[in-house]
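# Structure at a glance
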Amino acid sequence: MSSTNAHSIDMLSGPVFPKILLFSLPLAATGILQLLFNAADVIVVGKFAGSTSLAAVGATSSLINLLIGAFMGVSIGVNILIARCIGCRQEENVCRAVHCAFALGLVLGAMVLALGLALCTPLLRLMATPEDVLPLSSLYLRIYFLGVPAALLYNFGAAVLRAFGDTRRPLVFLAISGSVNVVLNLFFVIVCHLGVAGVAIATVVSQYISLVLVVRCLMRADDCSHLRLRSIRLYRNEAVQMIQIGLPAGLQSVIFNISNVMIQSSVNSFGAEVMAANTAAANLEQFIYTADNAVFHASITFTSQNFGANRLDRVPRILGACAATVLLIGVPLGVALRLFAAPLLGLYIAKTDPSYTAVLQYGMVRIMYIGSLQFLCGLMELGSGMVRGLGRAWLPMFVSAAGACVLRIVWILSVFRVWHTLPALYLSYPVSWVVTLLAHLGCYYFIFRGMLHRARAYQTVKKE
């Protein structure tokens, strides 16, 4: 497919590993930058509003991911469908998919907003959120969900850019919106004394800024990714395909977060100090997860384009390059997190806070068992991405449901019930990552081998 977009990457020819890096590193930097801004939210709350406010914000993360995960997953459907059309050189279908993506995003955004406002407080109660934390957590969520429609639409727009291999401009957009977020955090919390409400308001404003920037970018594009606002509409075929491809990925996110909500409930049983420590440590771990998750998106996009172009010979090279990239990113970051755990955790709470020492101690426990092993999660996600790129949308969801959700629930009801300690609880993560990774790789092997066999049989018949 011809393109005048200087930001795109040719994924169908040439060496794979340098292009995986060219795709993944800006996307990883984008995710890390986003987390830096999110960390600024948490740090500002912890430093200037206290450990209770820190716990209140942390108690919402699993619930936010649960409520929006299924809908955010549809952006993967946008990415895969457009990448496949690019590989097949179907420019008209790419154009239709771009406009359908924004229409679908508007519908899903309104649905998530309604669900979030209606269910946030009841679900927080179901998670056994302590009464001293519940009002602040509920307030944060009610404001936060006002920005979810913008966040969904931005992710759909970024998915369009990723399908073309453009991961650099979203980095610029995020740098702009995130900088505004940090400034507003400081203003609303320190100057206006709004606490968690101020952090939520700043987040909502930054989400709408990101949306404006990505829409402006696509409206100025001079290839088939060009967006015309008057042409935004739901095309039934494209919308159904996006949902069929992306919904399993979204449901997989929901499945992970159901288990995470259960684990958060178990963490809540240890009290506010452990909740605050868990919040700070999990925030730090997200830097590694997000960096490795960029490779997950690379595996999906590269595999989808080559699958669409019938270049199966490049797929094993994509898997090898992606695995090397995950290890190149995840292992050093995990070691660094383990070595500098104490000072990094100290950023999240004031030294004068009575809970300071306890938060550091409990946070280091989580980093030891989860944070330093995040590269295993990156490899697990890579296996899922390869299977999705080969056109199997539902299989990775079922594998993840068994390997992550079911296994973790069984762990909580058995191992954790017998050994009611934080290490016993946190070990459920690396165990489930390894089991699910092996299952995904087994699925990839049998699917890819079957595709090669059919392709060779077709070539034999064609020659005859």
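Owing to the predicted nature of the structure, the values given are computational and were not obtained by experimental measurement.

Conventions used here
- Residues numbered from 1 in each chain as written.
- Predicted model: local features only at pLDDT ≥ 70, side-chain atom pairs only at ≥ 80, totals over all residues.
- Heavy atoms only, no water.
- Helix = DSSP H or I, 4+ residues; strand = E, 2+ residues; numbered from the N terminus.
- Buried < 20%, exposed > 50% of the residue type's maximum accessible area, 1.4 Å probe, protein only.
- Contact = heavy atoms within 4.5 Å.
- Areas by Shrake-Rupley, 256 points an atom, 1.4 Å probe, with all protein chains shown as cover.
- Axes fitted to C-alpha atoms, helices over the stretch in contact; angles between N-to-C directions.
- Parallel < 35°, antiparallel > 145°, perpendicular 65-115°, else oblique.
- Left-handed = near helix turned anticlockwise from the far one by under 90°.
- Disulfide = S-S within 2.5 Å.
- Expected span 1.5 Å × (residues − 1).
- Bend = angle between axes of the 7 residues up to and from the residue.
- Phe/Tyr/Trp six-rings, centres within 6.5 Å; stacked < 30°, edge-to-face > 60°.
- Lys NZ or Arg CZ within 6 Å of the ring centre and 35° of its normal.
- Salt bridge = Lys/Arg side-chain N within 4 Å of Asp/Glu carboxyl O.

Attention now moves to the overall build of the chain. Helix and strand counts for the chain come out as 18 helices and 0 strands. Projecting the C-alpha coordinates of the chain onto the three principal axes gives extents of approximately 80 × 50 × 35 Å. A buried classification covers 59% of the 464 residues belonging to the chain. Partitioning the intrachain contacts of the chain with sequence separation of at least 6 by distance along the chain shows that 86% fall at a separation of at least 24. In the form shown here, the chain has an accessible surface area of approximately 18200 Å², with 68% of it arising from carbon and sulfur atoms.

Attention now goes to the packing of helix H7 (residues 169-191) against helix H8 (residues 196-219). With their axes 8 Å apart at the nearest point, H7 and H8 run at an angle of 155 degrees to one another. Between H7 and H8, the interaxial angle falls into the category roughly antiparallel. For the element pair H7 and H8, the recorded crossing hand is right-handed. Where H7 approaches H8, its residues Arg 169, Phe 173, Ile 176, Ser 177, Val 180, Asn 181, Leu 184, Asn 185, Phe 188 and Val 189 are matched on the opposing element by Gly 198, Val 199, Ile 201, Ala 202, Thr 203, Val 205, Ser 206, Ile 209, Ser 210, Leu 213, Val 214 and Cys 217.

What follows concerns the packing of helix H14 (residues 374-389) against helix H15 (residues 395-413). Viewed as axis vectors pointing N to C, H14 and H15 meet at an angle of 155 degrees, and their least axial separation amounts to 9 Å. In terms of axis orientation, H14 runs roughly antiparallel to H15. Facing Ser 384, Val 387 and Arg 388 of H14, the residues of H15 in contact are Leu 395, Pro 396 and Met 397.

Now for the side chain of Gln 207. As for its placement among the helices and strands, Gln 207 is situated in helix H8. On the basis of relative accessibility, which here comes to 12%, the residue Gln 207 falls in the buried class. Not counting the four nearest positions on each side in its chain, Gln 207 is found in contact with Tyr 144, Gly 147, Val 148, Ala 150 and Ala 151.

Here we take up the state of the cysteines. In a disulfide, the sulfur atoms of two cysteines are covalently bonded to one another. Per the counting criterion, the structure on display carries 0 disulfides. Here Cys 217 stays free of any disulfide, with the sulfur of Cys 224 as its closest cysteine sulfur at 13 Å. No disulfide involves Cys 322; its sulfur sits 15 Å from the nearest other cysteine sulfur, which is in Cys 377. For Cys 322, a relative accessible area of 0% puts it in the buried group.

This brings us to H15. The end-to-end C-alpha separation of H15 is 26 Å, in line with the 27 Å expected for 19 residues at 1.5 Å each. Maximal helix bending in H15 amounts to about 35 degrees, located at Ala 401.

Looking now at the packing of aromatic side chains. Summed over the entire model, instances satisfying the criterion amount to 9 aromatic pairs. With centroids separated by 5.3 Å and ring planes inclined at 75 degrees, the aromatic side chains of Tyr 445 and Phe 446 adopt a geometry described as edge-to-face. Given the relative accessible area of 45%, Tyr 445 is considered partly exposed. The exposure class assigned to Phe 446 is exposed, which follows from its relative accessible area of 53%. Three or more aromatic residues link up through ring pairs in this structure, and these residues are Tyr 140, Tyr 144 and Phe 145. Over the ring of Tyr 429 we find Arg 366, and its NZ or CZ is 5.6 Å from the ring centre.

Attention now goes to the pattern of salt bridges. This structure, assessed with the given rule, holds 4 salt bridges. We note a salt bridge from Glu 238 to Arg 96, for which the minimum N-O separation is 3.0 Å. Residue Glu 238 is found in helix H9 (residues 236-268), and its partner Arg 96 is found in helix H4 (residues 91-126); the two are separated by 142 residues along the sequence. For Arg 96, a relative accessible area of 29% translates into the label partly exposed. Here Glu 285 makes a salt bridge to Arg 366, at a shortest N to O gap of 2.9 Å. Of the two residues, Glu 285 sits in helix H10 (residues 272-308) while Arg 366 sits in helix H13 (residues 356-369), which places them 81 residues apart along the sequence. Summarising the burial analysis for this pair, Glu 285 and Arg 366 share the class buried.

Right, let's talk about unusual backbone geometry for a bit. The backbone of Asn 310 shows a phi angle near 60 degrees, a positive value even though the residue is not glycine. Along the chain, Asn 310 turns up in the loop between H10 and helix H11 (315-339). With a relative accessible area of 55%, Asn 310 lands in the exposed category.

With 14 residues, H13 ought to run about 20 Å at 1.5 Å a step, and its terminal C-alpha atoms sit 21 Å apart, in line with that. Restricting attention to buried positions, one finds in H13 the residues Tyr 356, Ala 358, Val 359, Leu 360, Gly 363, Arg 366 and Ile 367. Taken together, the buried residues of H13 touch H10, H11, helix H12 (341-346) and helix H17 (422-426).

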